[in-house]
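Descriptive structure summary
One-letter residues, chain by chain:
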There are 2 protein chains.
Amino acid sequence: MDQRAQPGAQKIVVLAEGSLGILESKTATVLVRYLPDNVVAVVDSENAGKDVSDVLEIGEGIPVVASLSEALKFQPTMLAIGISPPGGELPKAWREVLCEAIDHKMHVMSGLHQFLSEDSELIKRASRHGTVIWDVRKPPSGLPVATCKADDVNATVVLTVGADCRVGKMLAGIEITNALRGAGLNAEFGATGQNGIMVWGWGIAIDAVVSDFTAGAAERIVLSGSQNHDVLIVEGQGSLVHPGYSGVTLSLLHGSMPDAMIFCHQPSRKTVARYSVPLPPINDLIHQYEMLANPIKPAKVIGIALNCFDLTEFEALKAIKNAEDQTGLPATDVVRFGSGKLVDAVQKIHPAKR
Amino acid sequence: MDQRAQPGAQKIVVLAEGSLGILESKTATVLVRYLPDNVVAVVDSENAGKDVSDVLEIGEGIPVVASLSEALKFQPTMLAIGISPPGGELPKAWREVLCEAIDHKMHVMSGLHQFLSEDSELIKRASRHGTVIWDVRKPPSGLPVATCKADDVNATVVLTVGADCRVGKMLAGIEITNALRGAGLNAEFGATGQNGIMVWGWGIAIDAVVSDFTAGAAERIVLSGSQNHDVLIVEGQGSLVHPGYSGVTLSLLHGSMPDAMIFCHQPSRKTVARYSVPLPPINDLIHQYEMLANPIKPAKVIGIALNCFDLTEFEALKAIKNAEDQTGLPATDVVRFGSGKLVDAVQKIHPAKR
């Protein structure tokens, strides 16, 4: 990426028109959660006038405004697209907002399938104003077929895996990375999806890579992320039982060659989201990951991250105890109860590699 | 594809310069095997003057010539690229051959990673001469994320799976399809790789699809191929234990939702080709496929296709008996001993679905 557009150095306005707080604006939520000092405003006319925390329960002090024009008073340097348009095409109304942002010398950060940096009108405009259009999903060129080189790195590599999409693999990974840093370890996070890349500033959206090279992309992330770091937590994607994305998941497992895995789940989820596929019992899922890792590089699941956002505290604690009893592994909800148990689990295997 | 370029209706010259008979010219070998009435000559100056069968043991009566010019006397209508260039870029010498072919009003069929139909010089030339440049690896646009619709088709769907790349999954699939037709069944073959597409005239090279949509591409193949057919044999790709391509394999398994699988192996292969990954025992590999199929749609391996090209007849028969004893499943080498046992196995499960 162009270093001028590092999100951690920007004043960001997040575009979430009509969507703040619903699933389609997951990107907006993630940016508010992890770049609270950078997000200066969120655009959503339906919630204009509120504080972001009134809608999301996080992001206190960040205003929701009705339009980009209204956000200009915060002197933003970047517009981040925080929603996915239905159909994947850029809506006409958004194009106008993008043009307005570029005209005000703002960089644009986008996780859309459609690459804005290949749009001739937007390119010309950005070039005139000296701003960067960063398509975080656009894969780098020259990715290799995986070569098993990820096994050669000195860092301890831990992959978050899961029962389904959107169960908290990115969030668990970031929380554990931050907590490891807090504990004095030289830890890095390897982002493999658009939201993780936006928050962390680097990575490859592996689901946008041609499938021949998807494991190679995962390998590239491990080779980069392990440089000058002792521990690398790699963001998982999808699930081995997801009818659409299981191939992405297995490419990531075999390309990243982790030393261990953290299993992520949402206890209330009984079927794969948007499909009628029942989720197998947690021990079966864990066994699948370990069995598939085995021929390429053996790795065990060493802990469980449960996403209990839709449970009461009592129910959440019960779900955590259930998971621990069933698997014999430490479990937690990293948002509610912290990532301490999982950090301990990572630290326990970490010196073993040296 | 453009129906004008259906390979089964062409007089084909295969370009295999410097490579006939070695692994890099697998495409040439496949075309000679399955389109012997269409291939009029093979270009390879190193073997010029020989009969193709002197080099490949198949293709009797097809001459090897030194250049395209020499092949023009056969009045060819298509040039097929039968080799993969080192590095993936189109060598300058080949470009000249392509231009010469187009100038002689020949279609061009290519399985290169680099899409010739996006090369402005070649496009212009082809348009001037009214010929088609067919990049068989180029995925169709608008592929979906898989939706599990492949489960709704009436045809019996059988997927060839395998221990590794290049063990005979395409070949077993075509042989079984042809034998089923010979037995009076209305069978179709669903090609998922470039060589299968060239031979069969339709399909999608799923390893060239962005990984989010790879299972969706497999689903598309099943929905198309099952129309007006009672049995569809889908060509497998890669292996669940292949460090680079396992994701393609799993996407294909979950997207195509087969009723049953044929397991393909080369008994002499002890590690994944080009990797130092040992191949697990055959029963473990079969168990992996069945276990991963299970949550989306249960499917069993019903037979084994062994590629014994590098064994004596005695050794081949022993390998087949070993496989049958170990797995309890019917096994054969479809090239050496015919596909009868596997055709029986498919017919046995076929009526069960009605």
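Here the structure is shown first, and the text comes after it.
Here we summarise the structure given alongside this text. Since we're looking at a predicted model, the values are computed, not measured. (Residues numbered from 1 in each chain as written. Chains lettered and ligands numbered in written order. Predicted model: local features only at pLDDT ≥ 70, side-chain atom pairs only at ≥ 80, totals over all residues. Heavy atoms only, no water.)

1. A look at the overall build of chain A
Where we set the bar: The numbering of helices and of strands both runs from the N terminus, where a helix is a DSSP run of H or I of at least 4 residues and a strand a run of E of at least 2. Every radius of gyration here is taken over C-alpha atoms, with the globule rule written as 2.2 Å times N^0.38, N being the number of residues. Each residue is assigned to one of three classes by its accessible area relative to the maximum for its type, calculated with a 1.4 Å probe on protein chains only: buried under 20%, partly exposed between the two thresholds, exposed over 50%. Contact criterion: two residues are considered in contact whenever any of their non-hydrogen atoms come within 4.5 Å of each other. Only the protein chains shown count as cover for residues, with accessible areas throughout obtained via the Shrake-Rupley method and a probe of 1.4 Å. Note on charges: Lys and Arg go in the positive column, Asp and Glu in the negative column, and His and the chain ends are not counted at all. Each charge is placed at NZ for Lys, CZ for Arg, CG for Asp and CD for Glu.
Along chain A, the regular secondary structure elements total 13 helices and 12 strands. By the compact-globule yardstick of 20 Å for 354 residues, chain A fits well, its C-alpha radius of gyration being 20 Å. For chain A, the spread of C-alpha atoms along the principal axes amounts to about 55 × 50 × 45 Å. Considering chain A as a whole, with its 354 residues, one finds that 59% of them fall into the buried category. Counting only contacts in chain A whose residues sit at least 6 apart along the sequence, the fraction spanning at least 24 positions is 71%. Counting only carbon and sulfur atoms, one obtains 50% of the accessible surface of chain A, whose full area is about 13,700 Å². In chain A, 31 side chains carry a positive charge and 39 a negative one; their mean positions are 3 Å apart.

2. Digging into helix α6 (residues 169-182) of chain A
Operational definition: Multiplying 1.5 Å by the helix residue count minus one yields the expected span of that helix.
With 14 residues, α6 of chain A should cover 20 Å at 1.5 Å per step; its first-to-last C-alpha distance of 20 Å lies within 8% of that length. Note on α6 of chain A: the residue one or two positions beyond its end, Gly184 of chain A, has a positive phi of about 95°.

3. Re the packing of aromatic side chains
All names here are of chain A. Keep this limit in mind: Centres within 6.5 Å are what make two rings of Phe, Tyr or Trp a pair, Trp counting through its six-membered ring; a difference in plane orientation under 30 degrees is then read as stacked, over 60 as edge-to-face, and the rest as tilted.
Enumeration over the complete set of coordinates arrives at 4 aromatic pairs over all chains. Ring centres 5.3 Å apart and planes at 65° place the aromatic pair Phe189 and Trp200 in the edge-to-face group. Separated by 11 residues along the polypeptide, Phe189 in strand β8 (residues 187-190) and Trp200 in helix α7 (residues 194-200) bring together distant segments of the chain. Comparing Phe189 with Trp200, the two get one shared label, buried.

4. Some details on the relation of the copies chain B and chain A
Rule in force here: In superposing the copies, a least-squares fit is computed on C-alpha atoms, taking residues whose pLDDT is at least 70 in both.
Aligned on chain A, chain B shows an RMSD of 0.0 Å; the corresponding rotation is 180° and the shift along the axis is 0.0 Å. What the superposition gives is, in effect, a two-fold axis relating one chain to the other. The share of interface residues of chain B whose copies in chain A are also at the interface is 100%, consistent with both copies meeting through the same surface.

5. Here we look at the pattern of salt bridges
Residues and elements named next belong to chain A. Our working rule: When a carboxyl oxygen of Asp or Glu lies within 4 Å of a side-chain nitrogen of Lys or Arg, that pair is called a salt bridge.
Under the counting rule described, the total for this entry stands at 30 salt bridges over all chains. A salt bridge links Asp164 to Arg269; the nearest nitrogen and oxygen atoms lie 2.6 Å apart. With Asp164 in the loop between β7 (156-162) and α6 and Arg269 in the loop between β10 (260-265) and α10 (282-293), the pair connects residues that are 105 residues apart, well separated along the chain. Arg269 matches Asp164 in its accessibility class, with the two residues each being buried. Taken together, the shared-partner salt bridges connect Arg95, Asp103, Asp119, Glu121 and Arg125 into one network.

6. A few points about the interface of chain B and chain A
Reports of interface size often rely on the accessible area that becomes lost once the parts have come together. Rules: Buried surface area refers to the total accessible area, computed with a probe of radius 1.4 Å, that the two partners give up upon joining, counted for both partners together. Counted as a polar contact is a pair of N or O atoms within 3.5 Å, where, for protein atoms, one must be capable of donating a hydrogen and the other of accepting one, and residues adjacent in sequence contribute only when both atoms are in side chains. Throughout this entry, Asp, Glu, Lys and Arg are counted as charged residues, while Ala, Val, Leu, Ile, Met, Phe, Trp, Tyr, Cys and Pro are counted as nonpolar. The remaining residues, Gly among them, count as polar.
At the junction of the two partners, chain B supplies 37 residues and chain A supplies 37 residues. When the two sides are added together, the surface that chain B and chain A hide from each other amounts to roughly 2,900 Å², 61% of it contributed by carbon and sulfur. Considering only the surface of chain B that becomes buried against chain A, Ser211, Asp212 and Pro295 of chain B emerge as the three largest contributors, covering 19% of it. Taken together, the links from chain B to chain A amount to 2 salt bridges. Salt-bridge contacts for Asp212 of chain B lead to Arg137 of chain A; the nearest nitrogen and oxygen are separated by 3.5 Å. In this assembly, chain B and chain A are joined by 12 residue pairs in polar contact (both at pLDDT 80 or more). Where the side of chain B that touches chain A is concerned, the elements lending two or more residues are α8 (214-225), α9 (246-256) and α10 (282-293) of chain B. Looking at the side of chain B that touches chain A element by element, the count peaks at 6 residues for α9 of chain B. Class assignment for the residues of the side of chain B that touches chain A results in 22 nonpolar, 12 polar and 3 charged.

7. Some thoughts on the sheet that holds strand β10 (residues 260-265) of chain B
Sheet strands line up and pair through hydrogen bonds in the backbone, either parallel or antiparallel. All names here are of chain B. Selection criterion: Any two strands between which DSSP finds at least two bridges are classified as paired. Axis definition: a line fitted to C-alpha atoms, over the contacting stretch in the case of helices. Angles run 0 to 180 degrees between N-to-C directions.
On the basis of which strands lie adjacent, the open sheet formed by 6 strands has the order β8-β9-β7-β10-β11-β12 and parallel pairing. Each having just a single partner strand, β8 (187-190) and β12 (331-332) make up the two edges of the open sheet. Set on the sheet, α8 makes contact with β7 (156-162), β8 and β9 (231-234); between it and β9 the angle comes to about 150°. Helix-sheet contacts for α9 involve β7, β9 and β10, and the interaxial angle to β7 is about 170°.

8. A few points about the nonpolar core
Inside soluble globular proteins, nonpolar side chains tend to come together where they are buried. So the rule is basically this: What we call a nonpolar core is a set of buried Ala, Val, Leu, Ile, Met, Phe, Trp, Tyr and Cys residues that are connected through their side-chain atoms within 4.5 Å.
Grouped together as the largest cluster of nonpolar side chains are 98 residues, with contacts concentrated most on Phe263 and Ile304 of chain A together with Met261, Phe263 and Ile304 of chain B. Beyond its immediate sequence surroundings of up to four residues, Ile304 of chain B is in contact with Phe263, Ile282, Ile286, Ala323, Thr327, Leu329, Pro330, Ala331, Thr332 and Leu342 of chain B.

9. What about the sheet that holds β10 of chain A?
Residues and elements named next belong to chain A. Strand order in the open sheet formed by 6 strands is β8-β9-β7-β10-β11-β12, with parallel pairing between adjacent strands. The sheet is open, and its two edges are formed by β8 and β12 (331-332), each paired on a single side. Summarising the sheet, β8 and strand β9 (residues 231-234) pair through 4 bridges and their orientation is parallel. Its bridge partner lying in β9, Glu188 is registered against Leu232. Contacting β7, β9 and β10, helix α9 (residues 246-256) runs over the sheet at an angle of about 170° to β7.

10. Here's the deal with the side chain of Asn38 of chain A
Residue and element names in this part refer to chain A. Here Asn38 shows up in the loop between α1 (26-34) and β2 (39-43). Separated by 3.0 Å, the side chain of Asn38 and the backbone oxygen of Gly8 make a polar contact. Aside from chain neighbours lying at most four places away, what touches Asn38 is Pro7, Gly8, Ala9, Gln10, Lys11 and Ile12.

11. Some remarks on the packing of α6 of chain A against helix α13 (residues 340-349) of chain A
Residue and element names in this part refer to chain A. Keep this limit in mind: Note on terminology: angles under 35 degrees are roughly parallel, angles over 145 are roughly antiparallel, angles of 65 to 115 are roughly perpendicular, and the others are oblique. Crossings are sorted by hand: turned counterclockwise from the far helix by less than a right angle, the near helix makes the crossing left-handed, and turned clockwise it makes it right-handed.
Interaxial distance between α6 and α13 falls to 9 Å at its minimum, and their mutual angle equals 70°. On the basis of their axis angle, the class for α6 and α13 is roughly perpendicular. Read as a crossing pair, α6 and α13 show a hand that is right-handed. Where α6 abuts α13, its residues Ile176, Ala179 and Leu180 lie against Leu342, Val343, Val346 and Gln347. Residues of the contact of α6 with α13, tallied by class, amount to 6 nonpolar, 1 polar and no charged.

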